[in-house]
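Topology and contacts: notes
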Amino acid sequence: MTTRQSLPLLWLLSDARNDAGLEEALRALPRGSGFVFRHYHLDPAQRRARFDELAKIARSFGHTVILSGDEDWGADGSYGPPERLDRGLKLATAHNGDEIEQAVAAGADAIFLSPVFPTASHPGARTLGVYGFQVLAQQSPVPVIALGGMNAKRAVELDWPRWGAIDGLRSTNMP
């Protein structure tokens, strides 16, 4: 099975806003989902301890564990801008066509394309919307994961199989 065939459809991304509920959210995700550990708000020692704790839970449910940052803590891959992807499953971030091209040129296995909808992460930022997302995503030669204001209802509206969220994947919002 290739990386692209086994790429999870549903992704949970961590940050300070959803930290308190991550254990519950990881347990509620469908088996074999994806988890991107970011937690930029923690100092290095706390960040490592939190990663180890959450990765153990995620792996017990068969989730793919991806790490944002330069550390190599045994994650299944890396997440971030194309120039920072260096190990395992490479998941790039992109916001427009030029950044998609850069991610593909850098060897990304998949791309988180955002923001699709308004999001708390970037209040007031210009969004792609359904049409803008679809146009860009369909041009990508690698799988695209919708991000930005996503939840189960918006995933249906977008009609896209792969999506991720920070706030939209609390256990009460699971698809």
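First, a word on what this report is: a plain description of the structure on this page. Since the model is a prediction, treat every value here as computed from it, not as a measurement.

Side chains Gly-34 and Val-36 of strand E2 (residues 34-37) all project onto a buried face; the interleaved residues Phe-35 and Phe-37 project onto the opposite face, where all are buried too. In terms of strand pairing, strand E1 (residues 10-13) meets E2 through three bridges, oriented parallel. From the neighbouring strand, Leu-13 faces E2, where its bridge partner is Val-36. Pairing of E2 with strand E3 (residues 64-68), which is carried by four bridges, proceeds in the parallel orientation. Note on E3: the bridge partner recorded for Gly-34 is Thr-64. At this point the chain moves from E2, through helix H3 (residues 44-60), to the parallel E3, and the crossover so formed is right-handed.

For any pair of aromatic rings, the description consists of the separation of the ring centres together with the inter-plane angle of the planes. This structure, assessed with the given rule, holds six aromatic pairs. Aromatic pair Phe-51 and Trp-73: ring centres 5.4 Å apart, planes at 50°, arrangement tilted. On the criterion of sequence distance, the pair formed by Phe-51 in helix H3 and Trp-73 in the loop between E3 and strand E4 (77-80) is long-range, its members being 22 residues apart. Residue Phe-51 is classed as buried on the basis of its relative accessible area, which comes to 1%. Between Phe-133 and Trp-160 the ring centres are 5.2 Å apart and the planes differ by 90°, which places this aromatic pair in the edge-to-face class. Of this pair, Phe-133 sits in helix H5 (residues 129-139) while Trp-160 is found in the loop between helix H6 (152-158) and strand E8 (163-165), placing the two residues 27 residues apart along the sequence. Judged by relative accessible area, which is 0%, Phe-133 ranks as buried. Since its relative accessible area comes to 18%, Trp-160 is described here as buried. Following the ring pairs from residue to residue traces out a cluster consisting of Phe-35, Phe-37, Phe-51 and Trp-73.

What follows is about the nonpolar core. Core analysis: the largest hydrophobic core is formed by 40 residues, its most contacted members being Leu-26, Phe-35, Phe-51, Leu-113, Phe-133, Ala-146 and Met-150. Here this core takes five residues from H3, the largest share from any one element. Once residues within four sequence positions are removed from consideration, Phe-35 is found in contact with Trp-11, Leu-12, Ser-14, Leu-22, Leu-26, Leu-54, Ala-58, Thr-64, Val-65 and Ile-66. Formed by 13 residues, the second largest nonpolar core is a distinct cluster that contains Ile-66, Tyr-79, Ile-145 and Ile-166.

So, on to H3. Taking 1.5 Å per residue as the helical rise, H3 with its 17 residues ought to reach 24 Å, and the 24 Å between its terminal C-alpha atoms agrees with that figure. Residues Arg-47, Arg-50, Phe-51, Leu-54, Ala-55, Ile-57 and Ala-58 constitute the buried set of H3. The buried residues of H3 occupy an angular sector of 160° when the element is viewed end-on, so they sit on one face. Summarising the geometry of H3, the exposed residues directed more than 90 degrees from the buried face are Ala-45 and Lys-56. Here the buried face of H3 lies against helix H2 (22-28), E2 and E3. Backbone nitrogen of Ala-45 and a side-chain oxygen of the N-cap are separated by 3.0 Å at the start of H3; the cap is Asp-43. Where H3 terminates, the next one or two residues include Gly-62, which has phi positive at roughly 75°.

About the thresholds
Throughout this description, residue numbers start from 1 for each chain and increase along the sequence as written. In view of the model being predicted, local features appear only for residues whose pLDDT reaches at least 70, and side-chain atom pairs are presented and counted only at 80 or more, with totals across whole chains, interfaces and linings using the full set of residues. Excluded from the side-chain calculations are hydrogens and water; all other atoms, namely the structure's heavy atoms, are used. Any residue under 20% of the maximum accessible area for its type is buried, any over 50% is exposed, and the rest in between are partly exposed; the area is computed with a 1.4 Å probe on protein chains only. We count a stretch as a helix when DSSP gives it H or I for four or more residues in a row; a strand needs E for two or more, and each element gets its number in order from the N terminus. At least two DSSP bridges between two strands are required for those strands to pair. Clockwise travel from the first strand over the helix to the second, with the strands pointing away from the viewer, marks a crossover as right-handed. Each aromatic pair joins two rings of Phe, Tyr and Trp (for Trp, the six-membered one) with centres within 6.5 Å, and gets the label stacked for planes under 30 degrees apart, edge-to-face for over 60, and tilted for any other angle. Here, nonpolar core means buried Ala, Val, Leu, Ile, Met, Phe, Trp, Tyr and Cys residues that are tied together by side-chain atoms lying within 4.5 Å of each other. The contact criterion used is simple: two residues touch if any of their non-hydrogen atoms lie within 4.5 Å. Multiplying 1.5 Å by the helix residue count minus one yields the expected span of that helix. Regarding the arc, it is the one traced by the directions from the helix axis to the C-beta atoms. Pairs of N or O atoms within 3.5 Å make up the polar contacts considered here, provided that, within protein, one atom can donate a hydrogen while the other can accept it, and that residues adjacent in sequence are counted only when both atoms are side-chain atoms.

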